[in-house]
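Listed here are the chains, written in short residue letters.
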Amino acid sequence: MVETTPLDGPTAPTVTDPPCLEMSGISKQFGGHQALEDVSITLHPGRVLALCGANGAGKSTLVRILAGVESADAGTIRVRGQEETVASPGDATRLGLSFIHQELNLVPKFTALQNIAMGADHPRRTGVLDLRGLRRKALAVMDRIGYSVPLDAKVEQLSVSDRWMVSLARSLMRDASIVAMDEPTASFTQEEADRLYGIVDELTADGVGILYISHRLEEVLHVSDDVTVLRNGRLVGSYAARDLDVASLTRHIVGRDVEDLTHRVTDTDPTAAPVLLRTSGLTREPRVRDVDLTIHEGEILGVAGLVGAGRTELARLLIGADAAHAGSMTLDGRPYRPGSPSDGIKAGVALVPEERRSQGLVLRSSVASNITMASMRDPRRRLGTFSPRRAAATARDAVSRFGVKTSSVHDAVGHLSGGNQQKVVVSKCVLTGPRLLILDEPTVGVDVGARGEIYDIIRDLAASGTSILMISSDFDELAICDRVVVMREGALTHSVPASRATKDHLTSLCFGTTEHLGTTEQDPS
Amino acid sequence: MTAALVDVPVLQAPPRRARVWRWFGRYGALLVLALLVVGTSALEPETFATWDNFINILNQSALSAIIAMGLTFALVTGEFDLSIGNVASLSGVLACTAMVSHDVSIPVAFGLAVVIGAVVGLANGLVVTLLNVNALVATLGIGTVAVGVNYAVAGGLPVSLTDPAPFIQITLGRFLGIPYPVFIMLGLAAVLWFVLNRTVLGQSMQAVGGNPVAAQLSGIRVDRVRVVAFVICGICAALTGLLLASRTGSAAVSGGDTYLLAAFAAAFFGSAVLRDGEFHIIGTLVGVITVSVGFNAIALIGLETYWQYLFQGLLLILGVGVGSLARHRAAAAH
């Protein structure tokens, strides 16, 4: 079912239903930057349209225009054939458009039901909230999507995926007929993602049109019927999902061929190198239990596991952000007991944290301030003076070394794209001269091109002797590792050599579904 | 089906408008100061636009500026300090009591004031970081304790020196025709600017204020940085308190209390000067001087005292409000 596109020329559409949403000729300029130029998308009821593109391709701008947050410089929006002006989020809601973003707009201290009630059009009786009617309606919605969230639990106590479901339920309470989902599975487990796919099927069966935005291309191809690709603010084309595979879709997104993530070719066995860090019995209840881990010099060690398996908590113990309840660590054979990240960094351990915006960066500060933040203290300058000129020079070196795309090192880091922000965080950590660099989900929300560059940085560092501990939920990217350990429910369960670290194998180990494998794997050390 | 649709003309914001708003956001507060100066010069050319009055305005600004620049450190790290007014009162009373009852010299009294400010700042910092109490609550509590100590020592009565002349000389004395407090203010401003902008400590403070989690994971000792900011804030407040006592040669028990709101007003107004809502030393200094110029103009034009409050309140709202509005407009028109 190929859609008409300006590039492909008109092809006879086989879809019989008229589109529920058409955005045509949308253009938007920010300052001198053309964020969108003549972009058109078409969404049919009961179908899933995936919107793909690298960071900065214009996906979010397009969605923001649809949501009434930004106004287009040119172009039209038609909803169910009717031309509409979407000047505010209120307009969007009235038109049956609904948006579920990565940052869910929920009040953590409210219950799920209270959050669902915050939407418009809830039943009222003389101005008083009709909670019973609301609950009935919410249960009906849960029934419709075939999954129920505990309505009386406070949202802060719910898992990420349950929170997402609360957001979805709130949209459906308003009878949304078009739902935009922005990176819905970014922090879902495989099981939760599978459940989401089921819900998407239910919704489309009901005639809801879904606009699906995700960097996970396999997932895009699995979920969607149609795929529209943007690059640098322009339409690349619209395709039927079944005509695409990951390689061809990547080519459309990047505009060139991207090398496959091949297993690292190493002439030497990295586990033969001297041990850099060793933990024994490392424990911090409830998330880290009796972890014995060994990292060799220059080794890229992957940590696979489900969200909540304790991987982030393990990283925090290694850098000194949290204190262990039991167990010990040695670095270079000497006892290593970091009392704070400051101790960790001094000892040669650095962490690229999971959430770059909230944990890795000072968004309003400049690229230069962020890059030099962890390495300001120069032991040669005992008075602790700071030279902005030297910091800027250091930052410029790092920017060119790591390929950060920014017009100036004095720009606020918050204005960069996700991939470039991540490169800033990595630069900051590398400048501390780490012997062990820990990366926690380094490519979440990072576009395909920047992802490859981050892998290159990791490989280069390892080649120069830095040890890498890479935590990732994207098991495909663990292919760059020499060895992958699997963490489940706080404990290391398996250690898998690179050659056997396939996605399917790691996934089954994470879920603990393959009992016989215990015998074939080496001890996790 | 995409070709035939009619383009809807949408109002396109010219980038020029963004530039105008951005300019307004950064320089609007300075513009207010310039308008004040030009306007009053036109109205009162004989008395306002003179060298003597210029020095007078700086002198009037000095004490507020010292306490407000100290407060800027707490604000930069993302904290608040409500105890500064009480610390100023306490330091004046304790230092004067020491001079009256224990006959200590003036330099020792200054040293004592610094220690008092540092101790209270340390207490604030430790309550905030170790006990994890919100800074508003912590400094309100510590400030109230300071009031209690103050009354316990002075019994609620002003502490007057028997021979105040040398002490008064600190604020009345002049060098090259310029009062000492102006030198103290400018010297301290230079030191504090250097600390905030040219030291690792100052950069760390700005990082902690920007994102404490990121700062901590980058190896910055966040708690330590916060405590130091509170200590600097306390020391500046104590210095202001002692200089205030030196103006009359006697310390009133609640003499420094009024500086609390004035310091906050100046620092917040200053956050709209040249920067996009960030606290900084130069901005705070401009904020204090703008208020002084306004007060001076009100006095020279012969308006009644209540105009001072109207002016200061409106200045704060306008300075911060217009700055914030201008930034939003600039972002929207971007």
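All values reported here derive from a predicted model rather than from experimental measurement. (Residues numbered from 1 in each chain as written. Chains lettered and ligands numbered in written order. Predicted model: local features only at pLDDT ≥ 70, side-chain atom pairs only at ≥ 80, totals over all residues. Heavy atoms only, no water.)

What follows deals with the overall build of chain B. From N to C terminus, chain B includes 13 helices and 4 strands. Looking at chain B as a whole, 49% of its 334 residues are labelled buried. Taking all contacts inside chain B whose residues are at least 6 apart in sequence as the whole, residues at least 24 apart take part in 76%. For chain B, the computed accessible surface area is about 15100 Å², with 68% contributed by carbon and sulfur atoms. Treating the 14 positive side-chain charges of chain B as one cloud and the 13 negative ones as another, the clouds have centres 16 Å apart. (Helix = DSSP H or I, 4+ residues; strand = E, 2+ residues; numbered from the N terminus. Buried < 20%, exposed > 50% of the residue type's maximum accessible area, 1.4 Å probe, protein only. Contact = heavy atoms within 4.5 Å. Areas by Shrake-Rupley, 256 points an atom, 1.4 Å probe, with all protein chains shown as cover. Lys, Arg positive; Asp, Glu negative; His and termini not counted. Charge placed at Lys NZ, Arg CZ, Asp CG, Glu CD.)

We now examine the sheet that holds strand 22 (residues 491-497) of chain A. Two orientations exist for strands paired in a sheet by backbone hydrogen bonds: parallel and antiparallel. Residues and elements named next belong to chain A. Here 6 strands make up an open sheet; going across it, the order is 18-19-20-15-21-22 and the pairing mixed. Both edges of this open sheet fall to strand 18 (349-352) and strand 22, since each of them pairs with a single strand only. Adjacent strand axes in the sheet meet at a mean angle of 20°, parallel and antiparallel pairs treated alike. In terms of strand pairing, strand 19 (residues 436-440) meets strand 20 (residues 467-471) through 5 bridges, oriented parallel. Opposite L439, over in strand 20, you have M470 as the bridge partner. Here helix 9 (residues 311-319) sits on the sheet in contact with strand 15 (300-305), strand 18, strand 19, strand 20 and strand 21 (483-488), set at roughly 145° to strand 18. Here helix 14 (residues 418-430) sits on the sheet and contacts strand 18 and strand 19; the angle it forms with strand 18, its principal contact strand, is near 170°. (Pairing = 2+ DSSP bridges. Axes fitted to C-alpha atoms, helices over the stretch in contact; angles between N-to-C directions.)

Residues and elements named next belong to chain A. All chains considered together, the criterion is met by 22 salt bridges over all chains. One salt bridge connects D226 with R47, and the closest N-O pair in it is separated by 3.1 Å. Of this pair, D226 sits in strand 11 (residues 226-231) while R47 sits in the loop between strand 2 (33-43) and strand 3 (48-52), and the two are 179 residues apart along the sequence. In terms of burial, D226 and R47 fall into one category: buried. Residue R135 pairs with D152 through a salt bridge whose shortest N-O separation is 3.1 Å. Here R135 is found in helix 4 (residues 131-145), whereas its partner D152 is found in the loop between helix 4 and helix 5 (160-173), with 17 residues between them in sequence. Assessed through its relative accessible area of 31%, R135 is described here as partly exposed. Among the charged side chains, a network of salt bridges with common partners joins E297, D332 and R435. (Salt bridge = Lys/Arg side-chain N within 4 Å of Asp/Glu carboxyl O.)

Here we come to the confidence of the model for chain B. All names here are of chain B. A residue-level look at chain B finds 94% of positions with pLDDT of 70 or above and a mean pLDDT of 87. When mean pLDDT is compared element by element in chain B, helix 10 (residues 222-248) scores highest at 95, while helix 13 (residues 306-333) scores lowest at 80. A low-confidence stretch, residues 1-13 stays under pLDDT 50, and its non-local contacts, those more than four residues away or across chains, total 24 contacts. Reported confidence for the predicted complex is 0.81 by ipTM and 0.75 by pTM. (pLDDT = per-residue confidence, 0-100.)

Attention now goes to the interface of chain B and chain A. How big an interface is tends to be expressed through the accessible area that disappears when the partners come together. Contacts between chain B and chain A engage 31 residues on the former and 43 residues on the latter. Seen at the junction of chain B and chain A, the total is 1 salt bridge. Between B:R221 and A:D343 there is a salt bridge; the shortest N-O distance is 2.8 Å. At the surface where chain B touches chain A, the tally comes to 8 residue pairs in polar contact (both at pLDDT 80 or more). (Polar contact = N/O pair within 3.5 Å; in protein donor to acceptor, adjacent residues only side chain to side chain.)

On to a nonpolar patch on the surface, then. Residue and element names in this part refer to chain B. Taken together, the side chains of W23, Y27, L31, L35, W193, F194, L274 and I282 make up a nonpolar region of the molecular surface, amounting to roughly 720 Å² of accessible area. Breaking the nonpolar patch down by element, the ones donating at least two residues are helix 1 (15-43) and helix 7 (180-198). Broken down by element, the nonpolar patch gets its largest block of residues, 4 residues, from helix 1. Residue position: Y27 is located in helix 1. (Patch = residues over 30% accessible without salt bridge, like charges linked within 9 Å, V, L, I, M, F, W, Y side chains within 5 Å.)

We now examine the packing of aromatic side chains. Two aromatic rings, taken as a pair, are described by how far apart their centres are and by the angle between their planes. Residue and element names in this part refer to chain B. Inspection of every chain in the model, using the stated rule, returns 8 aromatic pairs over all chains. Measuring from ring centre to ring centre gives 5.0 Å for F268 and F279, while their planes differ by 90°; the resulting arrangement is edge-to-face. In this pair, F268 is assigned in helix 11 (residues 259-270) and F279 in the loop between helix 11 and helix 12 (281-301), connecting sequence segments 11 residues apart. Members of the aromatic cluster, joined through ring pairs, are F80, F264, F268 and F279. (Phe/Tyr/Trp six-rings, centres within 6.5 Å; stacked < 30°, edge-to-face > 60°.)

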